[in-house]
Amino acid sequence: MCTSLITGTAVTEGADIYFERRGSGPGLLLISGGGGDAGNYSGIADSLADEYTVLTYDRRGNSRSPLRTDPTKLRVEQQSADALAVLEHNEVRSAAVFASSSGAVIGLDLAARAPHAVELLVAHEPPVISVLDDAERWLAFFDELDRLLDEQGVGPALMKFMSSVGRSDNEVRSPELMQRLAGNWDFFARYEMRPVAEFVPDLDALRESKVPVVFAGGHDSRSYYYCRTGEALASRLGVDFVEFPGHHMAYLDDAEGFAPILRQTLRTYRDPGRSPVGRP
């Protein structure tokens, strides 16, 4: 659908956060994963803007969200503060949150730290390695990425990283988005990749938060580590796991197929009659 687009900047500690706002209705915040660009969600944001005030943003240090300090390793709590800044700038007191990949790591932290701002969290394929039975294998994989980054540079490290992610139909991305993302991968490899891999969610805080949480993963992702983490977390928290179409970035590659499933998930799990954390 065609919808009006409002852009702006939310000022937060050490960064100016570029955001996009579409539609009207209850708040829906979409948090991007690796690459950190709001454009990854343009398709589903347009689709859902008939029902929600949809907010997307470039994460700090990525694309149109420049840092005002020297870059440092990602701190998840700082990323959560950026998400809150976007909501507050737009006078959205609370919102449903859909977040994917490293964005889902931020979403989990946001729900634990600021439950007043999160009406529902849909965490799509969060790479929380610590909850896997084969966590040591995957931490060793990220050790190897660090070695490649130090010895051979960003290119080889990213190529190896992408080998663990699976299919993505790059041809659906606009040239403008591709250009912005190309400028973000060095930042991702040097400052974001490892801290995300080492993140350990505060499950007790999530339980105490009373925020409804549902995990999600793609039909084609079920054997990949970042999807298995969602299933493991759903089991530990006693919440539901919803299967979405496609692979890790199906929200971008197949927005028309992805958006209706997300819409139905939001409608189902925002029901105030459901128990917050734990199956009804």
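For the structure, see preceding data.
The structure contained in this document is the topic of the report that follows.

Scoring rules and cut-offs
Residues numbered from 1 in each chain as written. Predicted model: local features only at pLDDT ≥ 70, side-chain atom pairs only at ≥ 80, totals over all residues. Heavy atoms only, no water. Helix = DSSP H or I, 4+ residues; strand = E, 2+ residues; numbered from the N terminus. Rg over C-alpha atoms; globule rule 2.2 N^0.38 Å. Buried < 20%, exposed > 50% of the residue type's maximum accessible area, 1.4 Å probe, protein only. Contact = heavy atoms within 4.5 Å. Areas by Shrake-Rupley, 256 points an atom, 1.4 Å probe, with all protein chains shown as cover. Lys, Arg positive; Asp, Glu negative; His and termini not counted. Charge placed at Lys NZ, Arg CZ, Asp CG, Glu CD. Polar contact = N/O pair within 3.5 Å; in protein donor to acceptor, adjacent residues only side chain to side chain. Expected span 1.5 Å × (residues − 1). Arc of directions from axis to C-beta. Core = buried A, V, L, I, M, F, W, Y, C linked by side-chain atoms within 4.5 Å. Pairing = 2+ DSSP bridges. Axes fitted to C-alpha atoms, helices over the stretch in contact; angles between N-to-C directions.

Glancing now at the overall build of the chain. Scanning the chain from N- to C-terminus turns up 11 helices and eight strands. The C-alpha atoms of the chain give a radius of gyration of 17 Å, which matches the 19 Å a tight globule of 280 residues would have. Split into buried and exposed, the 280 residues of the chain put 56% on the buried side. Within the chain, counting contacts between residues at least 6 apart in sequence, those at least 24 apart form 76% of the total. Total accessible area computed for the chain in this model is approximately 11,600 Å², and 49% of it derives from carbon and sulfur atoms. One way to put it: in the chain the 28 positive side-chain charges average out to a point 2 Å from where the 41 negative ones average out.

Right, let's get into the side chain of D109. Residue placement: D109 occurs in helix 3 (residues 102-113). In this structure the side chain of D109 is engaged in a polar contact, spanning 2.6 Å, whose partner is the side chain of S80. For D109, the residues in contact, after removing those within four places along its chain, are V76, E77, S80 and F199.

Attention shifts here to helix 4 (residues 135-152). Structurally, the α-helix is built with 3.6 residues per turn, so residues lying three or four positions apart point the same way. Helix length check: helix 4 (18 residues) gives 25 Å between terminal C-alpha atoms against 26 Å at 1.5 Å per residue, within 8%. Those residues of helix 4 lying buried are A135, W138, F141, F142, L145, L148 and L149. Looking down the long axis of helix 4, one finds its buried residues gathered within 140° of arc, a one-sided arrangement. Along helix 4, the residues that are exposed and aim more than 90 degrees away from the buried face are E136, R137, D150 and E151. Summarising the contacts, the buried residues of helix 4 are in contact with helix 5 (154-162), helix 7 (185-197) and helix 9 (225-237). Backbone geometry just downstream of helix 4 places G153 in the positive-phi region, at approximately 100°.

Moving on to the nonpolar core. Inside soluble globular proteins, nonpolar side chains tend to come together where they are buried. Among the nonpolar cores identified, the biggest contains 43 residues, and L29, I31, L110 and F215 are the most heavily contacted of them. In this view, I31 contacts Y41, Y57, R59, A83, V97, F98, A99, S100, G103, I106, G107 and L110; residues no more than four positions away in its chain are not counted.

The next thing to look at is the environment of L110. Structurally, L110 can be placed in helix 3. What makes L110 buried here is its relative accessible area of 1%. Distance from L110 to R137, taken between C-alpha atoms, is 28 Å for residues 27 residues apart in sequence. In contact with L110, not counting residues within four places along its chain, are L29, I31, S80, A83, L84, V97, P115 and V118.

This part covers the side chain of T229. Mapped onto the elements of the fold, T229 is located in helix 9. Side-chain polar atoms of T229 contact the backbone oxygen of P126, separated by 2.2 Å. Beyond its immediate chain neighbours, meaning those up to four positions away, T229 contacts P126, P127, V128, I129, V131 and L132.

We now examine the pairing of strand 3 (residues 27-31). With five of its five residues buried, strand 3 lies for the most part within the structure. Side chains G27, L29 and I31 project from strand 3 onto one buried face, and the interleaved L28 and L30 project onto a second face that is buried too. The pairing of strand 3 with strand 4 (residues 53-57) spans four bridges and is classified as parallel. If you follow G27 over to strand 4, its bridge partner there is T53. Of the strand pairs in this sheet, strand 3 and strand 5 (residues 95-100) are connected by five bridges, and their pairing is parallel. Paired with L28 across the two strands is A96, which belongs to strand 5.

This paragraph deals with the sheet that holds strand 4. Pairing in this open sheet of eight strands is mixed, and the strands run 1-2-4-3-5-6-7-8 from one edge to the other. Lying at the two open borders of the sheet, with one neighbouring strand each, are strand 1 (5-12) and strand 8 (241-244). Strand-to-strand twist in this sheet, taken as the mean axis angle between neighbours without regard to direction, amounts to 25°. Bridge count for strand 1 against strand 2 (residues 15-22) is eight bridges, and the pairing is antiparallel. Looking at the pairing, T7 lines up with E20 of strand 2. With respect to the sheet, helix 11 (residues 255-269) is in contact with strand 3, strand 5, strand 6 (118-124), strand 7 (213-218) and strand 8, its orientation differing from that of strand 8 by roughly 160°.

Turning our eyes to something else, we now look at the pairing of strand 2. Counting buried positions along strand 2 yields six of eight residues, so the element is predominantly enclosed. In this antiparallel pair of consecutive strands, strand 1 and strand 2, the connection spans two residues, and G14 shows a positive phi of 75°. Relative to strand 4, strand 2 runs antiparallel, the two sharing four bridges. The residue bridging F19 from the neighbouring strand is Y57, located in strand 4.

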